[in-house]
Amino acid sequence: MTIVFKFPPLSQYNKFFDLALPVLIGIVVDVVVNQEDSIIDRLGVKDVYGQFLILSLLTVITWI
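None of these values were measured; they are calculated from a predicted model.

Draft legend 1. Spatial organisation of the overall build of the protein chain. Looking only at helices and strands, the protein chain features three helices and zero strands. Accessible area of the protein chain: about 5200 Å², with a carbon and sulfur share of 73%.

Here's what the structure looks like:
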């Protein structure tokens, strides 16, 4: 496989992970402000501690 075909997916992954952190920060602010009515609460996680646990795991995955 030539270099030309390898770089476009890497560029897309890079852009995705660059944008993931601001989105996660926005979701954290949503959890702090709305607590029981946040975006993650609508997905089924009712406990605020559980919501922060999910967000911290997603942040770790993004940074690794």
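Draft legend 2. Broad picture of the nonpolar core. Counting six residues, the largest nonpolar core consists of Leu24, Ile27, Val31, Ile40, Val48 and Leu55. Secondary structure elements with two or more residues in this core: helix H1 (3–34) and helix H3 (48–63). By residue number, the principal contributor to this core is H1, which donates three residues. If we ignore the near neighbours within four places in the chain, the residues touching Val31 are Ser38, Ile40, Val48, Gln51, Phe52 and Leu55.

Draft legend 3. Highlighting a nonpolar patch on the surface. On the surface, Ile25, Val29, Val32, Val33 and Phe52 cluster together to form a nonpolar patch covering roughly 460 Å² of accessible area. For the nonpolar patch, the element with the most residues is H1, which contributes four residues. Tracing the chain through its elements places Phe52 in helix H3. Given a relative accessible area of 32%, Phe52 falls into the partly exposed group.

Draft legend 4. Layout of the pattern of salt bridges. Per the stated rule, a full pass over the model turns up one salt bridge. As a salt-bridge pair, Asp41 and Lys46 come within 3.8 Å of each other at their nearest N and O atoms.

Draft legend 5. Just the side chain of Asp30, in detail. Inspection of the secondary structure puts Asp30 in helix H1. Although buried, Asp30 forms no salt bridge, and the nearest oppositely charged side chain, Arg42, lies 5.5 Å from it. Among the polar contacts listed, one links the side chain of Asp30 to the side chain of Asn34, at a separation of 2.5 Å.

Draft legend 6. Summary view of the environment of Glu36. Secondary-structure assignment places Glu36 in the loop between H1 and helix H2 (39–42). When the C-alpha positions of Glu36 and Gln51 are compared, they lie 9.6 Å apart, and in sequence the two are 15 residues distant. Once residues lying within four places of it in the same chain are set aside, the contact partners of Glu36 are Asp41, Lys46 and Val48.

Draft legend 7. Structural context of the confidence of the model for the protein chain. Here the protein chain averages 81 in pLDDT, and 89% of its residues register 70 or above. H3 holds the highest mean pLDDT among the elements of the protein chain, 85, whereas H1 holds the lowest, 80.

Definitions and limits used
Residues numbered from 1 in each chain as written. Predicted model: local features only at pLDDT ≥ 70, side-chain atom pairs only at ≥ 80, totals over all residues. Heavy atoms only, no water. Helix = DSSP H or I, 4+ residues; strand = E, 2+ residues; numbered from the N terminus. Areas by Shrake-Rupley, 256 points an atom, 1.4 Å probe, with all protein chains shown as cover. Core = buried A, V, L, I, M, F, W, Y, C linked by side-chain atoms within 4.5 Å. Buried < 20%, exposed > 50% of the residue type's maximum accessible area, 1.4 Å probe, protein only. Contact = heavy atoms within 4.5 Å. Patch = residues over 30% accessible without salt bridge, like charges linked within 9 Å, V, L, I, M, F, W, Y side chains within 5 Å. Salt bridge = Lys/Arg side-chain N within 4 Å of Asp/Glu carboxyl O. Lys, Arg positive; Asp, Glu negative; His and termini not counted. Polar contact = N/O pair within 3.5 Å; in protein donor to acceptor, adjacent residues only side chain to side chain. pLDDT = per-residue confidence, 0-100.

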